[in-house]
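# Observations on the three-dimensional arrangement
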Amino acid sequence: MSVLREEEFETFLKRRASTVNGLLVHGADSAAVSMLARRVISGFGDISQIDVAEAKSAPGGFMDQMLSLSLLGDRQLLFVDGADEASLKFLEPAFSQSALSNFVLIAADNLNKSSKLRAAAEAANLVACLAIYEEDAAAVRERV
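Residues numbered from 1 in each chain as written. Predicted model: local features only at pLDDT ≥ 70, side-chain atom pairs only at ≥ 80, totals over all residues. Heavy atoms only, no water.

## Notes on the packing of aromatic side chains
Following the criterion strictly, the structure yields two aromatic pairs and no others. Where phenylalanine 44 meets phenylalanine 103, the ring centres are 5.1 Å apart and the plane angle is 35°; that geometry is what we call tilted. Taken together, the residues span a long stretch of sequence, with phenylalanine 44 in the loop between helix H2 (30–41) and strand E3 (47–49) and phenylalanine 103 in strand E5 (residues 103–108) at a distance of 59 residues. Taking relative accessible area as the criterion, phenylalanine 103 reaches 0% and is therefore assigned buried. (Phe/Tyr/Trp six-rings, centres within 6.5 Å; stacked < 30°, edge-to-face > 60°. Helix = DSSP H or I, 4+ residues; strand = E, 2+ residues; numbered from the N terminus. Buried < 20%, exposed > 50% of the residue type's maximum accessible area, 1.4 Å probe, protein only.)

Structure, rendered in structure tokens:
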């Protein structure tokens, strides 16, 4: 769908998060990735932590959760923390969704340009991607 810049993140949360199925946040600065993931999580009521090892062994279970509807009508957030290249096995069907479903938040370490997970997320129609790069000392002070 789109590749976001850090300065677009707040606007994404306010206006566009309700129109997509997911967000991939990745980068070498694990503290910043974690902080941005927490910001996304704070906007959702119903959150499920996905066990990556279990989802890799049974990818259909993840898609069942992705497509299930809440009895209260709200979208559920599925949090995939520590995603890696092998996570594409269970995430790829979610990336190919053409209709709104539950929201998947994917937090990963630095994914380079040749990463299949990153490429699949960037090519998906309803998934946004945000790469976090290491900040200099002035940017860290401003963030804090």
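## Looking at the sheet that holds E5
Strand order across the open sheet formed by six strands is E1-E6-E2-E5-E4-E3, with parallel pairing between neighbours. Looking at which strands have only one partner, the edges of the open sheet turn out to be strand E1 (2–4) and E3. Each neighbouring strand pair of the sheet contributes to a mean axis angle of 20°, computed without reference to strand direction. Both strand E4 (residues 77–83) and E5 contribute to a ladder of six bridges, which runs parallel. Its bridge partner lying in E5, phenylalanine 79 is registered against leucine 105. The strands touched by helix H5 (residues 88–95) are E4, E5 and strand E6 (127–132); relative to E5, the strand with the most contacts, the crossing angle is about 140°. (Pairing = 2+ DSSP bridges. Axes fitted to C-alpha atoms, helices over the stretch in contact; angles between N-to-C directions. Contact = heavy atoms within 4.5 Å.)

## Some words on the pairing of strand E2 (residues 22–27)
With six of its six residues buried, E2 lies for the most part within the structure. Residues Gly22, Leu24 and His26 point to one face of E2 and Leu23, Val25 and Gly27 to the other, with burial holding for every one of them. Here five bridges tie E2 to E5, and the two strands are oriented parallel to one another. Bridge pairing in E5 links leucine 24 to isoleucine 106. Sheet topology note: the E2/E6 ladder contains six bridges and is parallel. When the sheet's bridge partners are listed, leucine 24 is paired in E6 with cysteine 129.

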